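One letter stands for each residue in the lines below.
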Amino acid sequence: MTADHIRQKLEEAFKPELIEIIDHSAAHAGHAGNKGGGHFHVTLISTQFEGKSLVQRHQMVYQALGDMMKDEIHALGINALTPSENS
């Protein structure tokens, strides 16, 4: 369910050409510091990342996910690419 919610928020925010979400939560269940949020890795390809630094791209993704980063997501890996970078 959380992966679907992540997908919905990222699709609304970025209208990506590609979105891939990998849920690694089962491999990290119960580790120290995890208070129940999942572990995810997202790959996004969007024209909205054009001219943005890596840090700016990550900030854009965190902003799009909003409060999910507080409770539902414990760890997030991000590949944020432009269409020309994916060629």
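Every residue gets a number counted from 1 within its own chain, in the order that chain's sequence is written. Confidence filtering applies because this is a predicted model: local features only for residues at pLDDT of at least 70, side-chain atom pairs given and counted only at 80 or more, and all residues used for totals across whole chains, interfaces and linings. Note that water and hydrogens are dropped before the side-chain values are worked out from all heavy atoms of the structure.

This paragraph deals with the confidence of the model for the protein chain. On average, the protein chain scores 89 in pLDDT, and the residues at 70 or more come to 87%. Across the protein chain, the secondary-structure element scoring lowest on mean pLDDT is helix α2 (residues 25-28), at 68, and the one scoring highest is helix α3 (residues 54-65), at 98. Note on scores: pLDDT gives the predictor's confidence for each residue, bounded by 0 and 100. What counts as a helix is a DSSP run of H or I of at least four residues, what counts as a strand is a run of E of at least two, and both are numbered from the N terminus.

Moving on: the pattern of salt bridges. Here, a salt bridge means any Lys or Arg side-chain nitrogen found within 4 Å of an Asp or Glu carboxyl oxygen. Scanning the model with the defined rule gives two salt bridges in all. A salt bridge links Glu85 to Arg57, with the nearest nitrogen and oxygen atoms 2.7 Å apart. Note that Glu85 is positioned in the segment after β3 (73-81) and Arg57 in helix α3, a separation of 28 residues in sequence. The buried label goes to any residue with under 20% of its type's maximum accessible area, the exposed label to any with over 50%, and the partly exposed label to all in between, with areas taken from a 1.4 Å probe on protein chains only. With relative accessibility at 41%, the residue Glu85 sits in the partly exposed group. Accessibility expressed as a relative area gives 7% for Arg57, which makes it buried. Lys70 serves as the salt-bridge partner of Asp67, at 3.4 Å between the closest nitrogen and oxygen. Accessibility classification places Asp67 together with Lys70 in one group, the exposed group.

The span expected for a helix works out to 1.5 Å for each residue beyond the first. Taking 1.5 Å of rise per residue, the 13 residues of helix α1 (residues 2-14) would be expected to cover 18 Å, and the 18 Å separating its terminal C-alpha atoms lies within 8% of that figure. Along α1, the positions that sit buried rather than exposed are Ile6, Leu10 and Phe14. Along α1, the residues classed as buried sweep out an arc of 35° about the axis, all on the same side. By definition in these notes, contact holds between two residues if any of their heavy atoms fall within 4.5 Å. Where α1 is buried, its residues meet β1 (18-23), β2 (38-45), α3 and β3. Of the residues flanking the end of α1, it is Lys15, one or two places downstream, whose phi is positive at about 45°. Here the arc refers to the directions that run from the helix axis out to each C-beta atom.

Looking now at the pairing of β3. We call two strands paired when DSSP finds no fewer than two bridges between them. The pairing of β2 with β3 spans eight bridges and is classified as parallel. Note that in β3 the partner of His41 across the bridge is Gly77. Between the parallel elements β2 and β3, the chain passes through α3 in a crossover that is right-handed. Crossovers are described as right-handed under a simple rule: with the strands pointing away from the observer, the path leading from the first strand over the helix to the second runs clockwise.

So, about the packing of α1 against α3. Contact geometry of α1 with α3 gives a least axis separation of 9 Å together with a crossing angle of 120°. What the angle tells us is that α1 and α3 run oblique. Where α1 crosses over α3, the two elements pack in a sense that is right-handed. Residues Ile6, Lys9, Leu10, Ala13 and Phe14 of α1 pack against Met60, Val61, Ala64 and Leu65 of α3. Residue polarity follows a fixed list, in which Ala, Val, Leu, Ile, Met, Phe, Trp, Tyr, Cys and Pro are nonpolar, Asp, Glu, Lys and Arg are charged, and the others, Gly among them, are polar. Across the contact of α1 with α3, the residue classes tally to eight nonpolar, no polar and one charged. Comment: axis = line fitted to C-alpha atoms, over the contacting stretch for helices; angle = value between 0 and 180 degrees taken between N-to-C directions. Any angle between 65 and 115 degrees counts as roughly perpendicular, while under 35 counts as roughly parallel, over 145 as roughly antiparallel, and the rest as oblique. Handedness of each helix crossing follows the sense of rotation of the near helix against the far helix: counterclockwise by less than a right angle gives left-handed, clockwise gives right-handed.

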